[in-house]
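# Structural features, examined
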Amino acid sequence: MRSLSISLVIFPHRSQMIRVRAPCDTCRTALKTTAFVVSVCDSGFPQRRVAISSRYRRQIEKLPQSMPVGERIVLGQVAARSLATVSPFTLRHRGTEVLDFVDRIGREFGVPAPADEVRQSREGDPDLDCKLSQRLNALQKCLPALRSTGLDKRLHWLSVTVGLDRLDTEVLKHLVRAHIYEPYGTLMNFFGEGHAGRGEVNIEGLAAATGRQPLLIHRRLEAQSSLRQAGLVRDCRGGDYGTTNFAVRVARLRSVQPAVLARHILSTAPPSSLEWADFGHLGEPAELAKQLIVEAARRRCGINILLYGRPGTGKSEFARVLAETARLHPVLVGATDEEGGEPDRSERLAHLAVCRSLVRASPRHLLVVDEAEDLMIRPVFGLRDGGNSKLYLNRLVESSTSPTVWIVNQPDLLGGPVLRRMALALEFSLPSRAVRRRVLERLAIAEDVPFRAADLAGLSKIEVAPAVLASAVRAAAWTDKEPHTAALAARSIQKVMGGSIRPDDDRVADFDPSLSEGDMDLNRLVDRLARATSQAWSLLAAGPPGTGKSALARHIAAQAGMDVLERRASDLLNMFVGGTEKAIAEAFREAADTKAMLIIDEADTLLRNRSLAQRSWEVSMTNEMLTWMERSPTPFVATTNLRESLDPATSRRFLFKVELQGLTPAKARRLFQHYFGSEPPSTLDHVPELAPGDFALVARKARLLGITEPSRLVELLEVESLAKGARHEKRIGFGF
């Protein structure tokens, strides 16, 4: 084997050259530079100098290693056919590049070296046309017969699957080869302006390769063409086109058997760790969705189910459980690209088109299109491959030939025409506490985690989706098997997803209606509401701070066995016009969907007297509240410290109204014994307007300060009473 020696002289200017000397032609290397001249010397051949432009510096030497034999034959056949039509302009300015390219291919197939091996480096040689014709004729004679390669068979299968005709298939093959094989892209860019990027081909190159007119090729590449609508071709702008990664992914598969190719495209999603019972909070709509999917599969027809809701509510997990329950194989459309990364819109469209065609003959599949907004919302602001018409998007949904589940976070972005084409829409909200408790019980058994009943009760308070609970229990099972670890994991996901993390509230267990004071019998009120046959009732709990208004509402929910959906007025207020009204509606809808009791604290902010309103949104906000209060199907409790500021219309909207008041001396003494465990001094009877909240606050303060003397505790209660503006018979200090 001969040794290789290369000497380089690098010049900083474009007009100068880099000289490479190698012992033989096969050792010549294309260098990364702006422009250069290669000099090749061998004892058996005279010296020759070849000028190569920067855009087409290709490592042609690697052709045998980088391309299969069949693809080299295809390259030679296409080159021999298409370069015969190369324009005089290309020959005048790039003729030596074309000759060098043809000679390199010819040597691969034993084409004899031309007699005029020494070529001039300057462009514009009048004999270039004749030399090119001779070399192409010689190459044509030495090439084996054109045969179908593995790439041809795979792309033919893809074309038949999506319904492309012969010319579309031929165009697709040329684009895919230009993307995969660099020498093929070099050949295509000898035509037209020759400025296409890697993997991009202009219309003139495709016209020369297919032997068709450029106008016909242009029509096959328009936005509404079959190739573009199927997501197999992208517009690279400037008259250049390229294929998509999905077509390349199919072309690079190893098998050519249709069944194997179909199994690769229809790869099913992994099984879910959840069960159908874990989504019991969805109610009848979920059962209807299952019936529709099963019947559509039996009839071998298409149907569209929409799953929508905020992120993290279990839509994707439900889609997989739905498929498993219906005994179908869930296929995630466009989940990854050929390299395992995130696919773009065109790849997902192509995958959807192919999947729809394949499942026609196999009705045991359920197509799942997650993040469907990517397909339905057309790109704007001049992004590449600018999208499809509204008509196309409508047909994309209504032309479904198999059961399809569309998953979105914001359904309003899809538009009315698309939404009307859905057979059923399921809204996803967080499951109730009872459902979360059942999910945790099953997960604890499955993961072999020894959680106690109290542990499960505490974890069920975390308002997250079943999938988050599954991950949290798994985190505990893999580490210390402690409920604290599961709670930490679940709350971390709840926090990062923007959920409202509320501290554990044990005030429900401490609330006793007999220790509170109101304008009616609170025990009787709680008993009647907890046993009510109809849940369409509302309650206004008014009174000074600390009298137990919110605690009363939670106590009623606990006695009725209902979950609580608690919102403060500040949670619902929105800075945008109409935002508050929307938040109010969403709160009532969520309570209805989860069959929870809705509690709105500080409701006077949302129910202001409209006659005193100064802005239009204040009126519309109150109107929205009044409307929902009248038609809410689940219990609703509003609390307020300022009953007199409420709109007069609220008096007939609330079925029940209770005024919580300050404690009587007898109940104050009972609360003192309950919180401090000792008999109260007689001075307690002289502290006016005490409320249960005052005792709870003083109990926490006393624990921090280490105060246990009853007289000092009464002084602290007097401070709280004074802070509320109560009148006292004597001046008091601050209790220290």
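Here's a quick rundown of the structure. (Residues numbered from 1 in each chain as written. Predicted model: local features only at pLDDT ≥ 70, side-chain atom pairs only at ≥ 80, totals over all residues. Heavy atoms only, no water.)

What follows covers the overall build of the chain. In terms of regular secondary structure, the chain is built from 32 helices and 17 strands. Classification of the 736 residues of the chain by burial places 50% in the buried group. Once local pairs closer than 6 in sequence are excluded, the contacts in the chain between residues at least 24 apart make up 70%. Accessible area of the chain: about 35800 Å², with a carbon and sulfur share of 52%. (Helix = DSSP H or I, 4+ residues; strand = E, 2+ residues; numbered from the N terminus. Buried < 20%, exposed > 50% of the residue type's maximum accessible area, 1.4 Å probe, protein only. Contact = heavy atoms within 4.5 Å. Areas by Shrake-Rupley, 256 points an atom, 1.4 Å probe, with all protein chains shown as cover.)

Before going further, it helps to spend a moment on the pattern of salt bridges. It is possible for side chains bearing opposite charge to pair when their charged atoms get close. Per the counting criterion, the structure on display carries 32 salt bridges. Between arginine 135 and aspartate 103 there is a salt bridge whose closest N-O contact spans 2.9 Å. Taken together, the residues arginine 135 in helix α4 (residues 128–142) and aspartate 103 in helix α3 (residues 88–108) connect sequence positions 32 residues apart. A relative accessible area of 9% places aspartate 103 in the buried class. One salt-bridge network, in which partners are shared between bridges, spans Glu71, Asp152, Lys173 and Arg177. (Salt bridge = Lys/Arg side-chain N within 4 Å of Asp/Glu carboxyl O.)

The next thing to look at is the environment of valine 333. Structurally, valine 333 can be placed in the loop between β8 (329–332) and α15 (345–359). For valine 333, a relative accessible area of 2% puts it in the buried group. C-alpha of valine 333 to C-alpha of threonine 404: the two residues are 71 residues apart in sequence and 10.0 Å apart in space. Those residues within four positions of valine 333 in sequence are excluded, and the remaining contacts are Arg348, His351, Leu352, Leu367, Val368 and Val369.

With that settled, consider the nonpolar core. Ranked by internal contacts, the top residues of the largest apolar core, which has 87 residues, are Leu83, Trp157, Leu158, Leu187, Leu221, Leu232 and Trp406. Formed jointly, this core draws a minimum of three residues from each of two domains, domain 1 (53–253) and domain 2 (266–378 + 388–428). Grouped together as the second largest cluster of nonpolar side chains are 47 residues, Ala323, Leu328, Ala444 and Leu459 included. (Core = buried A, V, L, I, M, F, W, Y, C linked by side-chain atoms within 4.5 Å. Domains from an automatic or database assignment.)

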